[in-house]
Amino acid sequence: MRLKAVRLDEVELPLIEPFETSFGIENRRRFLLVRVESWDGVEGWGECAAAVDPLYSSESVATARWILAERLIPLALRLPAASPESFGRAAERFRGNRMAKAALETALHDNRARREGRSLSRRLGGRRPRVRVGVSVGIQPTVAKLVRRVGRYLDAGYERVKLKVRPGWDSLPVAAVRREYPDLDLWVDANQAYPPSAAGLIRAWAEKFSVAQVEQPFPERSVLAHAALAEGANFRVCLDESVVDAASLEDALLSRAVTSLNVKVARVGGLGPGLSLAGEAARADVPSWVGGMLESGVGRAHNVALASTRPFVLSADLSASDRYYREDLTDPPFVLGRGSTLEVPRGPGTGVEVVERVLRKYRRSSRTFRAG
Ligand SMILES: [Mg+2]
């Protein structure tokens, strides 16, 4: 079915607490939301995870707004049958800009599942009623504060913790958390902060403190450095930023640089690409899991649907709504349940509804595009 209109909103949601990674500190999240409407009046929502500054990837709110407004939305409005697949194929001629593409692709997935009266999870082939999740803990001002923070998340019911690390904030905090919680499933993520020459030191503290998984320690292009770290390691080497498409995954698999794959809907351009990359990894016996970009309830709902599908066997970085935002854009909220899980919504589409009152409160701008 053709699209009747697409709305592009810019939103700024305050975070409950600042989130610090090796890239910097975030106090609030500014992002774009896409709302598509087909001719039968059914809506569909997608979120663009690009941040104000191009730190995680080369995309930003400004570049995503430009390509969405000037190229991708007009393209989607012209499609005789707007589906996630037809949009994905048509958008291929524009290089990169995967976060912007993902915003529209996911909105089209939501729209189609709603029109069919099916949950997005089922539409993607998902069978799990609940998905296992963990919590990602940012860099803290002191080690003592970090240990207390981890303790609070464990008390809340999270069973897996990922620590953000960087040079100068690694072996000491990791040792302290391990000492306090000897049985914890402990992962770390460096967001590319180390040079390949640091491999020996990383291996030493990761093995000493039984870290289960080391994520993206080296720059995104340094695939062979990750392969060297993975060789003989007793922890998984996870790639995040390095894998953006089928070709980069193939290189990583062939060079054995990846023993765990973080799939972010935003980074790979949508749910379709995410499913296919995870399937490819699974065929090479590499487990996948769904990563997060501090999404609001809109993006989180897409992530939860993806995590309910078969190739995603490790716990996702998808915490409950109250981990990030005092007031989220969607209802009902995601609540942490038994066994460190989130329930997969069963209603049509993502199964969550955008609360327009909350959206209007935090919206900075809004523009509607109509089919000609
Ligand atoms: Mg990461």
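Being a predicted model, the structure only gives us computed values, none of them experimental. (Residues numbered from 1 in each chain as written. Predicted model: local features only at pLDDT ≥ 70, side-chain atom pairs only at ≥ 80, totals over all residues. Heavy atoms only, no water.)

(A) Up close: the nonpolar core. Leu-163, Val-174, Trp-205 and Leu-342 are the most contacted members of the largest nonpolar core, which totals 75 residues. Core analysis: the second largest hydrophobic core is formed by 35 residues, Val-34, Val-36, Phe-94 and Ala-100 among them. (Core = buried A, V, L, I, M, F, W, Y, C linked by side-chain atoms within 4.5 Å. Buried < 20%, exposed > 50% of the residue type's maximum accessible area, 1.4 Å probe, protein only.)

(B) Region of interest: the sheet that holds strand β10 (residues 260–263). If you walk across this open sheet you meet the 7 strands as β5-β6-β7-β8-β9-β10-β11, and the pairing is parallel. One side of each edge strand has no neighbouring strand; the edge strands of this open sheet are β5 (135–137) and β11 (288–290). Averaged over all pairs of adjacent strands, the angle between their axes in this sheet comes to 25°, without regard to strand direction. In this structure, strand β9 (residues 236–239) lies alongside β10, joined through 2 bridges in parallel fashion. Counted as the bridge partner of Cys-238 is Ser-260 from β10. Of the strands in this sheet, β10 and β11 touch helix α11 (residues 271–283), which is tilted by about 175° from β10. (Pairing = 2+ DSSP bridges. Helix = DSSP H or I, 4+ residues; strand = E, 2+ residues; numbered from the N terminus. Axes fitted to C-alpha atoms, helices over the stretch in contact; angles between N-to-C directions. Contact = heavy atoms within 4.5 Å.)

(C) Region of the structure containing the sheet that holds strand β1 (residues 3–21). Read from one edge of the open sheet, 4 strands run β3-β2-β1-β15, paired in antiparallel fashion. Of all strands in the sheet, those bounded by a partner on one side alone are β3 (43–48) and β15 (363–370). In this sheet, adjacent strand axes meet at a mean angle of 20° when their direction is disregarded. Across 14 bridges, β1 lies against strand β2 (residues 24–38) in antiparallel orientation. The residue bridging Glu-20 from the neighbouring strand is Ile-25, located in β2. Against the sheet, helix α1 (residues 61–78) touches β1, β2, β3 and β15, its axis set at about 155° to β1. Lying on the sheet, helix α3 (residues 98–116) is in contact with β1, β2 and β3; it crosses β3 at an angle near 155°.

(D) Quick peek at the layout of surface pockets. Computed from the structure, the largest pocket encloses a volume of approximately 670 Å³. Forming the walls of the largest pocket are 34 residues, and the residues nearest its centre are Phe-23, Glu-26, Ala-51, Tyr-56 and Leu-294. When residues of the lining of the largest pocket are traced back to their parent elements, those giving at least two are β1, β2 and β6 (160–164). Counting residues per element, the lining of the largest pocket draws most heavily on β2, which supplies 7 residues. Each residue belonging to the lining of the largest pocket can be placed in one class, and the counts come to 13 nonpolar, 8 polar and 13 charged. Viewed by domain, the lining of the largest pocket spans two of them, domain 1 (3–117 + 352–366) and domain 2 (122–343), each represented by three or more residues. Lining of the second largest pocket is provided by 23 residues; of these, Gly-88, Glu-92, Val-268, Gly-269 and Pro-273 occupy positions nearest its centre. Those elements that provide at least two residues to the lining of the second largest pocket are α2 (84–91), α3 and α11. A total of 6 residues in the lining of the second largest pocket trace back to one element, the largest contributor, which is α2. (1 Å grid on protein atoms, 1.4 Å probe; cavity = no way out; pocket = protein on both sides within 12 Å on 5 of 7 lines; lining within 4 Å. Points joined across faces, edges and corners; volume = space filled by probe spheres on them. Nonpolar A, V, L, I, M, F, W, Y, C, P; charged D, E, K, R; others polar. Domains from an automatic or database assignment.)

(E) Here's a closer look at the domain arrangement of the protein. The domain architecture assigned to the protein consists of domain 1 (3–117 + 352–366) and domain 2 (122–343). Its C-alpha centre places domain 1 at a distance of 23 Å from the equivalent point of domain 2. Opposite the 40 residues of domain 1 that make contact, domain 2 presents 50 residues. Carbon and sulfur atoms supply 61% of the area that domain 1 and domain 2 bury against each other, a total of about 3,600 Å² over both sides. The three residues of domain 1 that bury the most area against domain 2 are Ile-16, Tyr-56 and Arg-98, which together make up 19% of that side's buried surface. (Buried area = accessible area lost by both parts, 1.4 Å probe.)

(F) Here's a closer look at empty space enclosed by the protein. Counted under the stated rule, the structure contains 3 cavities of 30 Å³ or more. Here the largest cavity is characterised by a volume of approximately 80 Å³. Every residue along the wall of the largest cavity is listed here: Glu-47, Ala-49, Ala-102, Thr-106, Val-265, Ala-266, Glu-295, Gly-299, His-302 and Asn-303. Elements represented by at least two residues in the lining of the largest cavity include exactly α3, α10 (265–268) and α12 (297–307). Sort the elements by how many residues they give to the lining of the largest cavity and α12 lands first, with 3 residues. For the lining of the largest cavity, the residue count by class is 4 nonpolar, 4 polar and 2 charged. No fewer than three residues from each of domain 1 (3–117 + 352–366) and domain 2 (122–343) sit in the lining of the largest cavity.

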